[in-house]
Every structure is written in structure tokens, then in C-alpha cells.
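Structural overview for review
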Amino acid sequence: MDRHRAALSAAVALPVGFFALFFVYPLAAILHRGLSGSELPLDVLTSRRTLDVLWFTLWQAAVSTALTLALGLPLAWALARFRFRGRALAQALVVVPFVLPTVVVASAFLALLPEGLERGLPAILAAHVFFNIAVVVRIVGGFWAGIDPRLWEAAATLGAGPAARLREVTLPVLGPALAAAGALAFLFSFSSFGAVLILGGPGRATLETEIYNQAARAFDLRAAAALSLLQLACIFALLAVTGRLERRLGGPRRLAAERDLLRRPRGRERLLLTGVLGAGAIGLGLPLAALVERSLATPAGYGLAFYRALGEETPALLVEPWRAAVNSLVFAALATALALVVGGLVAWVAARPRAVWVDRLAMLPLGVSAVMLGFGFVIAFDDPPLEFRRSAWLIPVAQALVAAPFVVRIVAPALRSIDERLREAAAVLGASPARVWREVDLPLALRALGVAAGFAFAISLGEFGATVFIARSDRPTVPVAIFRFLSRPGALNAGEAAALSVVLMAMTAVAVLAADRIAVRRGTL
Amino acid sequence: MLRAEEVAVAFDGVPALAGAELAVGEGETVAVLGPSGSGKSTLLRVFAGLVRPDAGRVLLGARDLAGVPAHRRGIGLVFQDGALFPHRDVERNVAFGLRVAGVASEVRRGRVAEVLALVGLAGFERRSVSTLSGGEQQRVALARALAPDPRVLLLDEPLGSLDGPRRTRLLADLGELFTRLRLTAVYVTHDIGEAFALGDRVAVMREGRVVQCAAPDELWARPADAWTARFLGMTNMREEGGRSLLVRPEAVLVSPGAGATVLAAERRGAIVTLRLRLDGGEELEAVTTRIDHPRAGERVAVELDPAGIVELGRPVEPND
């Protein structure tokens with residue numbers, strides 16, 4: 001037996017087994033719970049409550065998307081068209097909200113919005129715009145920057161003024177990018193969990209939070225399973241649309257991407273640019289500033305009392321809050337290691353010619369929401385011999401499932417870009433296949449693995465939807481602890497939530513910055 | 001030393017090699033010459049063990065290489081544009097084969113310095129490969145292939161990505177190196193000048209077969225068939241009584257008189273090429289070294305030296 005083939009089989013078997021046990025099986029358990037039983041769950045699916053929830057989920061996502069596009073477009077324009085000092089920094093900062101844990105964003109808006117407005121529809125919409133604006137700026141801006149300026153020049157020589165050029169040239173050309181960014185923003189708003197759960201207040205539920213409410217609060221597992229099926233159907237429909245819209249991107253983007261098309265703003269553009277960037281800085285910076293302010297604003301003036309309280313016992317948790325930070329770090333480290341092994345193996349297999357379908361499969365967990373994953377774990381691992389829903393190690397497993405697709409997305413292209421002749425050169429010089437892998441593939445993929453590790457760590461740190469189902473009260477993670485604090489009244493609880501949120505924000509920032517530094521230093525990504 | 005017998009390879013049903021035969025003697029450099037798509041690179045990859053032949057045998061010495069993977073063949077390969085490991089410096093690129101073979105590090109260092117000096121890059125050990133020029137990268141690639149002292153060195157259009165004086169320099173250095181080291185080498189190229197400059201023998205490939213393998217002078221004197229003659233740049237072909245005849249341009253003697261018109265006269269270095277049209281309509285090419293050669297439009301008399309008329313026939317068998 002060819003040793004190379006044996007290694008390949010093992011590389012396939014490990015992730016397949018992992019996904020089968022921890023992804024397919026829990027989903028199957030949900031299906032089983034929802035579809036078997038005494039009768040089909042039509043009563044749940046057609047109930048007034050479900051229809052209300054579905055309707056709210058849809059229209060809040062639509063409004064969030066419209067607002068995100070409207071507010072994101074000016075920023076995309078500013079960052080895509082002009083050269084100015086601090087542009088690179090601005091581009092990096094715009095992405096920050098996207099990588100922040102939902103729980104942090106939610107508690108930032110709780111801190112920012114005035115009393116009476118801090119829970120409810122406006123807060124939900126604000127948080128969704130805050131999150132997804134990075135999607136619009138990156139996708140639309142990237143596309144915008146690649147538009148050949150001669151299109152505008154041609155339009156101008158044909159008599160089109162600025163407004164006509166925007167209407168007749170820019171927007172039509174941007175069409176596919178706007179559609180793709182809008183579809184993604186809609187998908188994220190549709191499946192948003194943490195923000196809606198915390199900011200929604202009692203009356204506002206989306207499908208995701210309703211699954212959680214039914215499963216974790218009302219203990220109606222059948223209803224939760226039925227809602228999960230509905231959610232699954234919606235998400236797959238949305239993913240199909242998004243995938244199709246994303247594929248339509250491409251052409252013009254490559255057309256001029258290599259040329260440096262940025263220019264300095266002129267005349268009135270300077271004023272407009274300053275206004276847009278200033279508004280962006282305020283809109284994106286203010287919630288985070290308010291969060292920091294709230295964490296320092298103790299009843300006795302500014303101070304570190306809330307941070308000190310993190311070391312003391314609290315009625316909100318069974319342990320001192322600082323232990324949640326330790327738990328989070330340990331879980332995230334384990335989850336990162338797991339995601340790197342599983343995702344790295346999938347990437348290795350997927351990078352081989354004619355194995356593109358492999359990374360499509362590995363993307364599947366992205367389509368299934370974390371909430372569903374957590375719920376699936378709860379009902380799948382409840383009976384012997386698989387009775388480990390209360391085992392602590394299930395948390396890093398869940399987080400690794402959420403992070404692994406990102407690892408594949410980062411590592412597979414890096415492996416695919418390795419020149420086949422390097423492997424041949426090594427072989428001709430006497431290196432066995434295993435040696436070629438160690439001497440060529442591994443060192444060249446190392447930087448991608450480093451970047452992937454940073455993102456996997458950040459994702460695991462902030463993971464909330466799955467963790468909230470399976471974290472035991474005596475071993476909470478930081479997002480879960482923040483959620484518990486926010487569920488209780490009182491200035492101390494709010495203050496400690498803010499302080500923990502700041503801590504989580506800092507931990508995430510360190511992880512992402514480390515990943516970013518690897519990427520920048522090695523000049524990739 | 002190295003021998004391909006009836007080697008056939010097809011990629012997705014399209015034949016790349018169709019019964020290719022080639023034998024390389026010990027210490028000999030064979031240049032494999034052919035247009036793109038003729039299968040010359042595939043033949044090289046079959047020798048290296050990177051492509052498995054569908055049929056035929058490859059022998060190294062007396063040993064059949066079937067089933068011997070690339071990394072156990074002891075055959076070196078220089079790729080077209082180097083394929084240097086981007087994550088290693090020059091020394092670690094050159095030392096790769098030695099390290100894989102388990103050579104001790106002091107010995108390794110000495111050998112690396114030795115081969116780097118050989119290719120004219122003494123002292124380049126610490127350089128990052130991305131800072132090297134194209135020519136330097138090719139020299140490092142050559143040093144890397146030479147370092148483990150391969151029994152046969154294969155080169156796949158090593159000058160393909162270079163141009164101008166760099167190319168000329170490296171070509172001259174390669175020729176000197178091959179002679180000095182008495183290397184057994186197979187040099188693939190589509191450039192006739194390179195093949196003739198480096199090959200002790202030149203193998204001409206067409207559509208997956210070696211159509212002729214001979215020393216440069218022999219090849220030039222007696223191309224195997226009309227296609228080979230034309231590929232080598234000879235244009236004076238005529239059919240006479242069912243035989244294909246080649247008239248060597250230097251055998252077309254031109255003097256003042258009548259019988260033909262000069263269509264064009266083009267000087268390249270010491271040689272002037274004349275395009276002539278005989279009054280019968282046939283076109284011929286002649287070469288001369290005279291300064292006062294006939295100009296375009298002039299009338300001339302044409303005579304053919306019988307010694308320069310070659311009958312083209314079946315491929316000449318390799319003389320091994």
C-alpha cells in the first residue's frame with residue numbers, strides 16, 4: 001500500500017468523522033425531533049406567533065440592509081476613490097465592528113442609546129448597520145476602486161454632469177457589487193442572534209432568538225426543532241441567492257485592479273470627503289467609546305470599580321467573572337487548535353486538483369447558524385452512549401466548527417497557489433512525498449495558518465450562539481457572562497457587563513491584530 | 001547511460017510522446033530540439049520520473065527505472081524559470097538535495113560553496129532568492145541540481161526566460177561547464193542556436209517522436225527529411241523524379257550574368273543571405289560573405305555545386 005495514499009485517506013477520514021459526529025449528527029437529531037413525533041409540526045409553523053416572528057425577521061433584515069447600503073455607500077466612495085493620509089488605517093478600522101463579538105456590539109449600543117431607546121427596533125437596526133457596514137465598504141468599495149475612470153471621462157465628454165454620471169454610469173456598474181453586499185447584509189441581519197436577543201427586549205424576536213426562547217426558556221424542544229427547520233430552509237434559500245450574486249462579481253474588478261486609480265480630492269470633494277469620514281468615525285467610534293465610558297462611569301465618579309468587581313463574587317454568575325475570561329482563553333485556544341487541524345486537513349485535501357467540492361462541503365457549517373448547532377448539540381448528545389452535553393470540551397468543539405470554514409477559506413488558496421514545480425524540484429532532489437510536504441507545503445502555508453489561527457481564535461472568543469446553549473453555569477465564557485449580567489437589572493450589573501465587554505473587545509483586538517500583522521509582514525491576504 | 005525505448009505518454013487521450021527513442025552516452029550532452037508541443041519537455045519529465053510513461057522503458061545504465069520514484073533516481077533537473085524555493089535563501093536552496101540525502105552540515109557547506117563558485121555565484125549563500133536577477137536565479141537552480149552530484153542532469157529550456165547579453169553569457173558558461181565536468185546531460189530547447197552550441201548530438205523531435213539524432217555537423221549536412229531540413233531553417237527544397245532534394249544555400253553560387261533575379265539581400269553579421277528567383281519561377285536561397293554582393297533587382301547567373309545537393313530520405317538512425 002502506497003504510504004502517500006494511506007496518509008491521504010487518514011487526512012480525509014479525520015475531518016469527515018469530525019463533521020459527521022459534531023455537525024451532521026446534531027442536525028439529523030433536530031430533523032428527527034422536528035419531523036417524527038406524533039404529527040408534523042404544522043401547528044407550530046402556521047401559528048400566529050411563528051408567522052409574526054418570521055415577518056419581523058424578514059422586514060427588520062430588509063430595513064437593516066437598506067440602511068446599511070445607504071450609510072455604507074458614501075464610506076465606500078471615500079475609501080475607494082481617494083488618496084489621503086490615514087486611508088490605510090481608515091480601511092482597517094472600518095472592518096473592526098465586523099470582527100467584534102455580537103455581545104460586545106450589543107452592550108456598546110446599550111451603553112450608547114438613551115434610556116427608552118436602548119432596547120427595541122432602533123437599537124437592533126443600529127447594531128446591524130454597525131456590523132454590516134464593513135461588508136458594504138469592502139465589497140462595493142473594492143469593486144468601485146476597480147472601475148476604469150475612463151468610463152466617467154467618456155460620460156463627461158458626452159455631456160453627463162456629476163449627478164448624471166452617478167446615475168448613468170456608477171450605480172449601474174456597481175450593480176452586481178451592491179446586490180452581493182446587500183444579500184450578505186440581509187443574510188447576516190436575518191440570522192443575527194446575540195444583538196436581537198440582548199437589544200430586542202421582550203417583544204422582539206427573530207427566528208434565531210425564537211429557537212433559543214423555545215429551547216432554553218420554554219423547554220419546548222419540538223417547537224424549537226420545527227423553527228430550526230424553517231430557519232434552515234430560509235438560510236439555504238438566502239445562501240443560494242447570495243452565492244449566485246457573488247459569482248456575478250468579477251469582470252470589471254479585475255479589469256483595472258492593478259492600476260493605481262486613487263487620486264487626491266479636489267475642491268468641494270475635500271469638504272464632502274471630510275464630512276463622510278468624520279461621520280463614519282463618529283458612527284463607528286461612538287458606540288465603542290460609550291462602552292468604555294460606561295465601564296468607567298461608576299456611581300461614585302469615574303474609576304475602575306466595575307473592573308475590580310470582576311474579581312468578586314456576583315449573583316449573576318456561579319463563579320467570579322474573571323474566571324470567565326480564563327475559560328474563554330482556554331476554550332478559544334483549544335478550539336483554534338482543533339479548527340487548525342480539521343480545517344488544515346480539509347484545506348490540504350481541497351487544494352488537490354479536482355477536489356474543489358471538498359471546500360464547498362466544509363463551508364456548510366457557515367450556512368447553519370450557531371444557534372442551531374448549539375441546539376443540535378443539546379438534543380443530540382443527551383442520551384448514552386453520546387451523553388456529553390454537559391462536558392466542557394463540547395464548547396471548543398462547537399467553536400471549532402464555527403471557525404473551521406474560515407480556516408479552510410484562508411489556507412486552501414495558499415496551498416493551491418504553491419507552484420507544483422517546487423514540489424517536483426524537491427522530489428527530483430531526492431525528497432520523498434512526506435518530506436516534500438514537510439519541506440515545501442508546510443513552510444509555504446505557515447503564514448496562512450498563522451492568519452487563520454488569529455481569526456479562529458477571535459471567532460472562538462466571541463462565539464455566543466452555540467456556546468450559550470452548552471456552557472454550564474459554573475463554567476461560563478465571557479460572552480455568556482456578559483449576557484447574564486445584561487439580563488439582570490441594576491447599575492452594577494450593567495457596569496460589570498460593560499467592563500467585561502471592554503475586556504473581550506481587547507482580547508479580540510489582540511488576536512485579530514496579531515493575525516493582521518502576520519498577513520502584512522508576509523505581504524498576503 | 002540513459003535511454004528511452006519506445007516511450008509513449010498521453011494526457012487525457014492526447015498523445016504527447018508516441019514511441020520516442022533516445023540514448024544518451026556517458027559524459028555526453030544531447031540537446032533535444034523541437035517546436036513547442038513536440039513532446040520534448042514531456043520526454044524530460046519521463047526521464048526525471050515526474051511523468052509515468054504509458055508504454056516503453058527508461059533505462060539508467062542497465063537498470064529499468066519503471067517504478068522508481070523521482071526522488072530515488074539520482075537524476076537532476078533544472079526547470080525553465082528556476083522553481084527556486086521562495087522560503088529559503090540561496091544556500092538552503094542549493095543544499096536541499098544534500099540535506100535530504102543526509103549529508104553532514106560541514107560537508108554540505110563546502111559543497112554548496114563549491115557549486116556556487118562553479119556557476120559563478122561565489123559568496124551568494126546568504127542572498128534571498130527574490131533579490132536575484134533571472135540569470136542569477138537560473139545559476140542557483142543549476143547549482144542546486146548539481147550539488148548532489150546527479151548521474152544525469154536534465155535541463156528544461158533553462159534560458160527560456162532570459163534574453164540579451166545575459167542569455168549569451170549563461171549559454172557560454174553552460175557550454176564550458178558541460179565540457180569541464182564531463183556531465184551526462186539532456187538539454188531541451190526550441191532554439192536551434194542553443195542546441196547546436198551545447199549538444200554533442202542534437203535530437204530533433206516532432207509529434208512525440210525523435211526524428212533524427214546526430215552531431216550538429218551531420219545534422220546540418222544530412223537532415224533526415226524535408227520537415228527537419230525546413231525546421232532547421234533550410235528552404236531550398238526541390239522534388240526531382242520522386243526524390244526530395246535539398247540544395248544547401250552555400251552551394252548556390254552566384255556570379256554576374258543572367259538566369260535569375262535577386263529579390264532581396266539581407267546581411268546578418270558576416271553572412272549575406274540572397275533570395276533569388278530563377279527565370280523558371282523557382283525560388284532559391286544563397287549565402288555569401290562578399291562585401292560587394294549583388295543587390296536586390298540585379299540579374300545574376302546561378303550555378304549549383306553538386307557536392308551541396310543532398311537527397312532527403314528516411315530518418316538517420318542515432319549512431320550509438
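Position numbers for residues start from 1 in each chain and track the written sequence from start to end. Both sets of labels track the order of writing: A upward for chains, 1 upward for ligands. The model is predicted, so local features are restricted to residues of pLDDT at least 70 and side-chain atom pairs to those at 80 or more, both for listing and for counting; the totals for chains, interfaces and linings are taken over all residues. Excluded from the side-chain calculations are hydrogens and water; all other atoms, namely the structure's heavy atoms, are used.

1. Some words on the overall build of chain B
Counting from the N terminus, the helices are the DSSP runs of H or I reaching at least four residues and the strands are the DSSP runs of E reaching at least two. Assigned secondary structure in chain B consists of 9 helices and 17 strands. Each of the three principal axes of chain B carries a C-alpha extent, and together these read 75 × 45 × 35 Å. Residue exposure (1.4 Å probe, protein chains only): buried if accessible area is under 20% of the type maximum, exposed if over 50%, otherwise partly exposed. Within chain B, the proportion of its 320 residues that are buried is 47%. Note that accessible areas follow from Shrake-Rupley with a 1.4 Å probe, and for residues the cover is restricted to the protein chains shown. Approximately 14900 Å² of chain B is accessible, and the part contributed by carbon and sulfur atoms is 50%.

2. A short note on the overall build of chain A
Within chain A, the regular secondary structure consists of 24 helices and 2 strands. A buried classification covers 53% of the 525 residues belonging to chain A. Contacts between residues were defined by any pair of non-hydrogen atoms, one from each residue, lying within 4.5 Å. Excluding contacts between residues fewer than 6 apart, the proportion of contacts in chain A whose partners are at least 24 apart in sequence is 80%.

3. Points about helix α6 (residues 165-181) of chain B
Residue and element names in this part refer to chain B. Each helix should span, by expectation, one fewer than its residue count multiplied by 1.5 Å. The end-to-end C-alpha distance of α6 is 24 Å, a good match for the 24 Å that 17 residues give at a rise of 1.5 Å each. On its buried face, α6 is in contact with β3 (29-33), α4 (105-118), α5 (134-146), β7 (152-156), β8 (185-189) and α7 (192-198). Of the residues trailing α6, Arg182 is marked for its positive phi of about 50 degrees.

4. Structural notes on the sheet that holds strand β12 (residues 243-247) of chain B
All names here are of chain B. Only strands joined by at least two bridges in the DSSP assignment are considered to pair. Spatially, 3 strands are ordered β11-β12-β17 in an open sheet, and the strand pairing comes out antiparallel. Edge positions in the open sheet fall to β11 (237-240) and β17 (309-312), since each of these has one partner strand only. Adjacent strand axes in the sheet meet at a mean angle of 35 degrees, parallel and antiparallel pairs treated alike. Note: β12 against β17, 4 bridges, orientation antiparallel. A fitted line through C-alpha atoms represents every axis, and for helices the fit uses only the stretch in contact; the resulting angles, taken between N-to-C directions, go from 0 to 180 degrees.

5. A word on the packing of aromatic side chains
For any pair of aromatic rings, the description consists of the separation of the ring centres together with the inter-plane angle of the planes. Classification of ring pairs rests on two measures: the distance between centres of Phe, Tyr or Trp rings, Trp counted by its six-membered ring, which must be within 6.5 Å, and the angle between planes, read as stacked under 30 degrees, edge-to-face over 60 and tilted in between. For the structure shown, the criterion picks out 22 aromatic pairs over all chains. Note on Tyr212 of chain A and Phe469 of chain A: the rings are 5.4 Å apart at their centroids and 80 degrees apart in plane angle, and the pair reads as edge-to-face. Linking Tyr212 of chain A in helix α10 (residues 207-217) with Phe469 of chain A in helix α22 (residues 467-470), this pair joins segments that are 257 residues apart in sequence. The same class applies to Tyr212 of chain A and to Phe469 of chain A, which are both buried. A centroid spacing of 6.3 Å and a plane angle of 90 degrees characterise the contact between Phe196 of chain B and Trp220 of chain B, whose relative ring orientation is edge-to-face. Pair noted here: Phe196 of chain B is in helix α7 and Trp220 of chain B is in helix α8 (residues 216-221), with a separation of 24 residues, a long-range link. A relative accessible area of 31% means that Trp220 of chain B is categorised as partly exposed. It is Arg88 of chain B that lies over the ring of Phe85 of chain B; its NZ or CZ is 5.7 Å from the centre. The cationic tip of Arg144 of chain B hangs over the ring face of Phe85 of chain B; the distance from NZ or CZ to the ring centre is 4.8 Å. Charge-over-ring contacts are defined here by two conditions on Lys NZ or Arg CZ: a distance within 6 Å of the ring centre and an angle within 35 degrees of the ring normal.

6. Looking at the environment of Leu146 of chain B
Residue and element names in this part refer to chain B. As for its placement among the helices and strands, Leu146 is situated in helix α5. Residue classification places Leu146 among the buried positions, given a relative accessible area of 4%. The residues contacting Leu146, other than those within four sequence positions of it, are Arg111, Val115, Leu153, Leu177, Leu181 and Leu183.

7. Let's talk about the pairing of strand β15 (residues 283-288) of chain B
Residues and elements named next belong to chain B. In terms of strand pairing, strand β14 (residues 271-278) meets β15 through 6 bridges, oriented antiparallel. Counterpart to Leu274 in the pairing with β15 is Ala286. Joining the antiparallel neighbours β14 and β15 is a turn of 4 residues, in which Gly281 adopts a positive phi near 105 degrees.

8. Description of the confidence of the model for chain B
Residue and element names in this part refer to chain B. Confidence of the prediction at every residue is given by pLDDT, a number between 0 and 100. Averaged over all residues, the pLDDT of chain B equals 89, while 98% of them reach at least 70. Predicted confidence for residues 314-320 stays below pLDDT 50, and this span has 13 contacts to residues more than four positions away or in other chains. Across the interface, the model reports ipTM at 0.75; the global pTM reads 0.73.

9. Examining the pattern of salt bridges
The salt bridge definition used is simple: a Lys or Arg side-chain nitrogen within 4 Å of an Asp or Glu carboxyl oxygen. Counted according to the given criterion, the structure contains 28 salt bridges over all chains. One salt bridge in this structure joins Glu439 of chain A and Arg88 of chain B, with 2.6 Å as the shortest N-O distance. Linking Glu439 of chain A in helix α21 (residues 433-462) with Arg88 of chain B in the loop between β6 (75-78) and α2 (90-94), this pair reaches from one chain into another. Accessibility expressed as a relative area gives 7% for Glu439 of chain A, which makes it buried. For Arg88 of chain B, a relative accessible area of 5% translates into the label buried. We note a salt bridge from Glu194 of chain B to Arg167 of chain B, for which the minimum N-O separation is 2.5 Å. Taken together, the positions of Glu194 of chain B in helix α7 and Arg167 of chain B in helix α6 put the pair 27 residues apart, joining distant regions of the chain.

10. So, the sheet that holds β15 of chain B
Residues and elements named next belong to chain B. Taking strand neighbours across the sheet as the criterion, the 4 strands line up as β15-β14-β13-β16 in an open arrangement whose pairing is antiparallel. Looking at the sheet topology across the chains shown, the edges are occupied by β15 and β16 (299-304). The sheet shows a mean angle of 50 degrees between the axes of neighbouring strands, taken without regard to direction.

11. Some details on the interface of chain B and chain A
Across the contact, 24 residues belong to chain B and 17 residues belong to chain A. What counts as buried area is the accessible surface, traced by a 1.4 Å probe, that two parts surrender upon association, with contributions from both included. Of the roughly 1800 Å² buried between chain B and chain A, counting both surfaces, carbon and sulfur atoms make up 65%. When the area that chain B buries against chain A is broken down by residue, the three leading residues are His71, His87 and Val100 of chain B, summing to 31%. Scanning the region where chain B abuts chain A turns up 4 salt bridges. Polar contacts, as counted here, are pairs of nitrogen or oxygen atoms within 3.5 Å of one another; within protein the pair requires one atom able to donate a hydrogen and one able to accept it, and residues that are adjacent in sequence qualify only if both atoms are side-chain atoms. Run the count over chain B and chain A and you get 5 residue pairs in polar contact (both at pLDDT 80 or more). Counting only elements with at least two residues in the side of chain B that touches chain A, the list comes to α1 (40-48), β6, α3 (96-100) and α5 of chain B. Counting residues per element, the side of chain B that touches chain A draws most heavily on α3 of chain B, at 4 residues.

12. Side note on the side chain of Ser189 of chain A
Assignment of secondary structure puts Ser189 of chain A in helix α8 (residues 162-190). Contacts of Ser189 of chain A, omitting those with residues within four sequence positions, involve Gln60, Ala61, Ser64, His128 and Asn132 of chain A.

13. Some thoughts on unusual backbone geometry
Residues and elements named next belong to chain B. The backbone of Asp12 shows a phi angle near 50 degrees, a positive value even though the residue is not glycine. Here Asp12 lies in the loop between β1 (2-11) and β2 (14-24). One non-glycine residue, Arg182, adopts positive backbone phi at about 50 degrees. Its location among the elements puts Arg182 in the loop between α6 and β8. According to the relative accessible area criterion, Arg182 is exposed, its value standing at 57%.

14. Comments concerning the nonpolar core
Core analysis: the largest hydrophobic core is formed by 199 residues, its most contacted members being Phe377 of chain A together with Leu2 and Leu154 of chain B. Here this core takes 17 residues from helix α6 (residues 121-145) of chain A, the largest share from any one element. Among the nonpolar cores identified, the runner-up in size contains 33 residues, and Ala95, Val112, Leu132 and Ala143 of chain B belong to it. Nine residue types can take part in a nonpolar core, namely buried Ala, Val, Leu, Ile, Met, Phe, Trp, Tyr and Cys, and a core is a set of them joined through side-chain atoms within 4.5 Å.

15. A closer look at helix α19 (residues 394-416) of chain A
Residue and element names in this part refer to chain A. In this model α19 runs 32 Å from its N-terminal to its C-terminal C-alpha over 23 residues, within 8% of the 33 Å that 1.5 Å per residue would give. Note that bend, as reported per residue, equals the angle between axes fitted to the 7 residues terminating at that residue and the 7 residues originating from it. The largest bend along α19 reaches roughly 35 degrees and is located at Ala403, with the proline Pro405 sitting one to four residues downstream. By the criterion of burial, α19 is predominantly enclosed, with 19 of the 23 residues buried.

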